[in-house]
Amino acid sequence: MGIKNQISFIHKQIGNEVCLVAVSKTKSESEIIEAYNCGQRVFGENKVQELVSKQNNLPKDINWHMIGHLQRNKVKYIAPFIDLIHAVDNIKLLKEINKQAKKNNRTIDCLIQIKISNEESKFGMEYKEVLELISSVNKSGFENINLTGFMGMASNTNNQDILKKEFSLLNSFFKELKQTNKNLTKISMGMSNDYQLAIECGSNMIRVGSNIFGSRN
Ligand SMILES: *Cc1c(COP(=O)(O)O)cnc(C)c1O
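One structure accompanies this document, and this report is about it. These figures come from a predicted structure and were not determined experimentally.

Next up on the list: the side chain of Arg-207. Within the secondary structure, Arg-207 sits in strand 8 (residues 205-208). The side chain of Arg-207 is buried and forms no salt bridge, while Asp-194, the nearest opposite charge, is found at 7.0 Å. Within polar-contact distance, the side chain of Arg-207 engages the side chain of Ser-188 at 2.8 Å. What Arg-207 contacts, discounting residues up to four positions off in sequence, is Val-21, Val-23, Ile-67, His-86, Met-151, Gly-152, Met-153, Ser-188, Met-189, Gly-190, Met-191 and Ser-192.

Right, dumping it as C-alpha cells:
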C-alpha cells in the first residue's frame, strides 16, 4: 500500500491519544524520510550503531526511541539525543543511563520492560522486581532520569485470548502503579499484528514496523 498510505491509515485508526512509534530498524534512510515527509516524527530502532548513524544523517527534529535490549556499555552513544528508552530491565542499566544523561546535561525518559509473556526469549522484569526497582529509584533519586511508564512484548502468537490476557495484565499493573506514581503515563504495547487489541487493552503507545515499511529480510 506504500509507506505514506499506511501511516495515514494507522493514524486515522488510532486517533490522537495513542503515540505511533514507526519502527524503522533495518530500513533505509530514504524510507524513513518518506515517512517523515508525511509528518511522522517518532521512530524506533533496536540497534545502537544503526540508531546513531541514522540520527546523525537524518533531520534533527526526529524523536528517536530505543526499543530494543540495551547494553550498559552502549548507553553513552545514544545519551546525547535519545528521546525515550523503552526496554529498561535492571537497575544497573538505569544507573548508567542516569550517569550518561547527567554528562550530557539531559533528563532521559525511560520505560521499564515488564515480562508479560512466558516465552523464554523475551526480556523484561517480573512484577516484584519492578516494585523493588521503583522504590530504589525513589530512594536514590536518579535526577537525570524520568521513569514514565512500562513496555511489554506479548507472545508471538495469533491467539487473541493469550494476547488479551498478556496486554490486560500489563495494563492492570500500569493502572495500579499510576495511582501512586504520577510520572507513569506511558504504556507501550502492541506491534503490527496486535496493536488494535493492545489499544483496546489500554495501550497508548504502539510500535509498528512491518505494517508501515513492509516485511524485513
Ligand atoms: C521489531 C520490533 C517491533 C515492530 O515489529 P513489527 O511486527 O514489524 O511491527 C516492535 N517492538 C520491538 C521491541 C521490536 O523489536
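There is more to say, and it comes next.
So, on to the pairing of strand 3 (residues 63-66). Regular strands place side chains that alternate from one sheet face to the opposite one. For strand 2 (residues 42-45) and strand 3, the ladder comprises four bridges, and the chain directions are parallel. Pairing of Glu-45 across the sheet is with Met-66, part of strand 3.

If you check which residues of helix 2 (residues 29-36) are buried, you get Ile-32, Ala-35 and Tyr-36. Looking straight down helix 2, one finds its buried side chains confined to an arc of 105 degrees; they lie on one side.

This next bit is on the packing of helix 6 (residues 127-140) against helix 7 (residues 160-178). Here helix 6 crosses helix 7 at 25 degrees, and the two axes come no closer than 12 Å. Taken together, the axes of helix 6 and helix 7 are roughly parallel relative to one another. Of the two possible hands of crossing, helix 6 and helix 7 adopt the one that is right-handed. Facing helix 6, whose interface residues are Tyr-127, Val-130, Leu-131 and Ile-134, helix 7 presents Leu-169, Leu-170, Phe-173 and Leu-177.

Now for the environment of Glu-29. Mapped onto the elements, Glu-29 comes out in helix 2. Among the residues examined, Glu-29 registers a relative accessible area of 28% and is labelled partly exposed. Residues Glu-29 and Glu-126, 97 residues apart in the sequence, show an inter-C-alpha distance of 36 Å. The residues contacting Glu-29, other than those within four sequence positions of it, are Ser-53, Lys-54, Asn-57 and Leu-58.

Moving on to unusual backbone geometry. With a phi angle near 70 degrees, Thr-26 is a residue other than glycine that sits in the positive phi range. By the secondary structure assignment, Thr-26 is in the loop between strand 1 (19-23) and helix 2. The phi angle at Asn-105 is positive, at roughly 55 degrees, despite the residue not being glycine. Turning to its location among the elements, Asn-105 is positioned in the loop between helix 5 (91-103) and strand 5 (108-114).

Before going further, it helps to examine the site of the ligand. Close to the ligand lie Val-23, Lys-25, Ile-67, Met-151, Met-153, Met-191, Ser-192, Arg-207, Val-208, Gly-209, Ser-210 and Arg-216. In the model, an oxygen atom of the ligand is placed 2.7 Å from a nitrogen or oxygen of the Lys-25 side chain. Between Ser-210 and the ligand, the recorded distance is 2.8 Å, taken from a backbone N or O atom to an oxygen atom. Expressed as a share of its isolated accessible area of 390 Å², the protein-covered part of the ligand is 91%.

Rules and cut-offs
Residues numbered from 1 in each chain as written. Predicted model: local features only at pLDDT ≥ 70, side-chain atom pairs only at ≥ 80, totals over all residues. Heavy atoms only, no water. Helix = DSSP H or I, 4+ residues; strand = E, 2+ residues; numbered from the N terminus. Buried < 20%, exposed > 50% of the residue type's maximum accessible area, 1.4 Å probe, protein only. Lys, Arg positive; Asp, Glu negative; His and termini not counted. Salt bridge = Lys/Arg side-chain N within 4 Å of Asp/Glu carboxyl O. Polar contact = N/O pair within 3.5 Å; in protein donor to acceptor, adjacent residues only side chain to side chain. Contact = heavy atoms within 4.5 Å. Pairing = 2+ DSSP bridges. Arc of directions from axis to C-beta. Axes fitted to C-alpha atoms, helices over the stretch in contact; angles between N-to-C directions. Parallel < 35°, antiparallel > 145°, perpendicular 65-115°, else oblique. Left-handed = near helix turned anticlockwise from the far one by under 90°. Near = heavy atom within 4 Å. Areas by Shrake-Rupley, 256 points an atom, 1.4 Å probe, with all protein chains shown as cover.

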